[in-house]
Each structure stands twice: as structure tokens, then as C-alpha cells.
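In case you want the letters, here they are:
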Amino acid sequence: MGHMGPIGRIGPMLKLEIVTPEKKVLDENVDSVTVPTASGEAGILPNHAPLISALKPGILSYSNKGTTERLAVSGGFVEVSSNQVSVLTDSAETGAEIDADAARAERESAEKALAAHATTAIEDTEADRERLEAANARLQLAAGK
């Protein structure tokens, strides 16, 4: 990378906005964003092509001036257009905000529900699988992984 002078980074940044039904979680300029989507992690850099994608429960990370922050997000949507990244999600928590005991309880409850429906059609267990993925993401983040 080399030493960056006091001017810092030249070029466009992304404006990242993360919104839940309760509040605006984040609104800041960042260098890059990685979001969990159904087809895997999507990395978004400035000048990314316009995109609308479903968000899968998992870890959203963003980098700013060499620092990477992570949030556990539940399902939702991400929209990218002209260097603006809008994330609409049911919940977004930092590692410090996560109640690991509650996440563990949620994971157990989702695992029990899935075990009880082992013979059910896969579409019918989607909500439980999403709960399990969301709980796992929260625990991973809470453990500082």
C-alpha cells in the first residue's frame, strides 16, 4: 500500500446506510462493504454496478481507512446505486451488542424445530433455517471470530 499522506484516499467512497425497522444503525462513508447474499458473500467497492439483492442472515463487514467493522445481520435487502449502499434488515448488531446467551438459546430452539421437522419439505423449514443462520452469525461475531 505504501504510506498515505495527510490527504488520505483519493477517489470515490461508498455511502453505507444500514436501516432496521427500529432505527438507522449506520450512515457513513466507507471504502468497501461485504454483504451476505443467497449466492455467497458479495464485495462492494466504489463504482459498483447497480444491484438489488436479498440479504441472507450472516456477517456484514465494511472497511474504512484500514479498519474493518462487522455487524451480524438478519435477512433483508441490499441495494447499490451510484456509490450508495442501502441495507434494509430486520436486525443489525455489533459484537458488543449481541447477547450470546440469547443467541445460543435461539440457535437451540431453531435446531429443535428443524429436528422436529426432519421429514418436512425443505421450503417449509426455511424460516427455522434462517433463524439458525442468524443465531450462528450472532454467536460467531460475539465470540470475536
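Here is what the cut-offs are and how they apply
Residues numbered from 1 in each chain as written. Predicted model: local features only at pLDDT ≥ 70, side-chain atom pairs only at ≥ 80, totals over all residues. Heavy atoms only, no water. Helix = DSSP H or I, 4+ residues; strand = E, 2+ residues; numbered from the N terminus. Contact = heavy atoms within 4.5 Å. Buried < 20%, exposed > 50% of the residue type's maximum accessible area, 1.4 Å probe, protein only. Salt bridge = Lys/Arg side-chain N within 4 Å of Asp/Glu carboxyl O. Polar contact = N/O pair within 3.5 Å; in protein donor to acceptor, adjacent residues only side chain to side chain. Pairing = 2+ DSSP bridges. Expected span 1.5 Å × (residues − 1). Axes fitted to C-alpha atoms, helices over the stretch in contact; angles between N-to-C directions. Parallel < 35°, antiparallel > 145°, perpendicular 65-115°, else oblique. Left-handed = near helix turned anticlockwise from the far one by under 90°. Nonpolar A, V, L, I, M, F, W, Y, C, P; charged D, E, K, R; others polar.

1. Considering the side chain of E17
Reasoning step 1: Locating E17 in the fold gives a position in strand β1 (residues 14-19).
Reasoning step 2: In contact with E17, not counting residues within four places along its chain, are K24, L26, D27, Q84, V85, S86 and V87.

2. Considerations on unusual backbone geometry
Glycine aside, a negative phi is what most residues show, and trans is what most peptide bonds show.
Reasoning step 1: Phi is positive for N47, close to 65°, though the residue is something other than glycine.
Reasoning step 2: Structurally, N47 is set in the loop between β4 (40-44) and β5 (51-55).
Reasoning step 3: For N47, a relative accessible area of 60% gives the class exposed.
Reasoning step 4: For K65, which is not a glycine, the phi torsion comes out positive at approximately 50°.
Reasoning step 5: Looking at the secondary structure, you find K65 in the loop between β6 (58-64) and β7 (67-73).

3. A closer look at the pattern of salt bridges
Reasoning step 1: Under the defined criterion, the tally for this structure stands at 8 salt bridges.
Reasoning step 2: Close ionic contact of E93 with R138 constitutes a salt bridge, the shortest N to O distance being 2.7 Å. One end of the pair, E93, is in strand β10 (residues 92-93); the other, R138, is in helix α2 (residues 126-142), with 45 residues separating them in the sequence.
Reasoning step 3: Residue E93 is classed as buried on the basis of its relative accessible area, which comes to 16%.
Reasoning step 4: Its salt-bridge partner being R104, residue D101 comes within 3.0 Å of it at the nearest N-O pair.

4. Notes on the environment of E97
Reasoning step 1: Counting through the fold element by element, E97 comes out in the loop between β10 and α1 (100-116).
Reasoning step 2: With relative accessibility at 44%, the residue E97 sits in the partly exposed group.
Reasoning step 3: A distance of 2.9 Å separates the side chain of E97 from the backbone nitrogen of T94, its partner in a polar contact.

5. Considering the side chain of N64
Reasoning step 1: Within the secondary structure, N64 sits in strand β6.
Reasoning step 2: When its relative accessible area of 16% is taken as the criterion, N64 is described as buried.
Reasoning step 3: Leave out the neighbours within four places in its chain, and N64 touches M13, E28, N29, V30 and D31.

6. Observations concerning the pairing of β7
Reasoning step 1: Alignment of β6 against β7, held across 7 bridges, turns out to be antiparallel. Residue pairing in the sheet places Y62 in a bridge with E69 of β7.
Reasoning step 2: In this structure, the hairpin formed by β6 and β7 is closed by a connection of 2 residues, where K65 is found at a positive phi of approximately 50°.
Reasoning step 3: Pairing of β7 with β10, which is carried by 2 bridges, proceeds in the antiparallel orientation. Looking at the pairing, A72 lines up with E93 of β10.

7. Describing α2
Reasoning step 1: Its 17 residues place the ends of α2 24 Å apart at the C-alpha level, agreeing with the 24 Å of an ideal helix rising 1.5 Å per residue.
Reasoning step 2: Among the residues of α2, D128, L132, A134, A135, A137, R138, L139 and L141 are the ones counted as buried.
Reasoning step 3: At its buried positions, α2 is contacted by β6, β7, β10 and α1.
Reasoning step 4: Residue G144 follows α2 closely and has a positive phi angle near 75°.

8. A word on the packing of α1 against α2
Reasoning step 1: One way to put it is that α1 packs onto α2 with a least axis distance of 8 Å and a crossing angle of 150°. Relative to α2, the element α1 lies roughly antiparallel. Pair α1 / α2 crosses with left-handed handedness. Between α1 and α2, the contacting residues are A100, A103, R104, E106, R107, S109, A110, E111, A113 and L114 on the first element and D128, R129, R131, L132, A135, N136, R138, L139 and A142 on the second.
Reasoning step 2: Residue composition of the contact of α1 with α2, grouped by class: 9 nonpolar, 2 polar and 8 charged.

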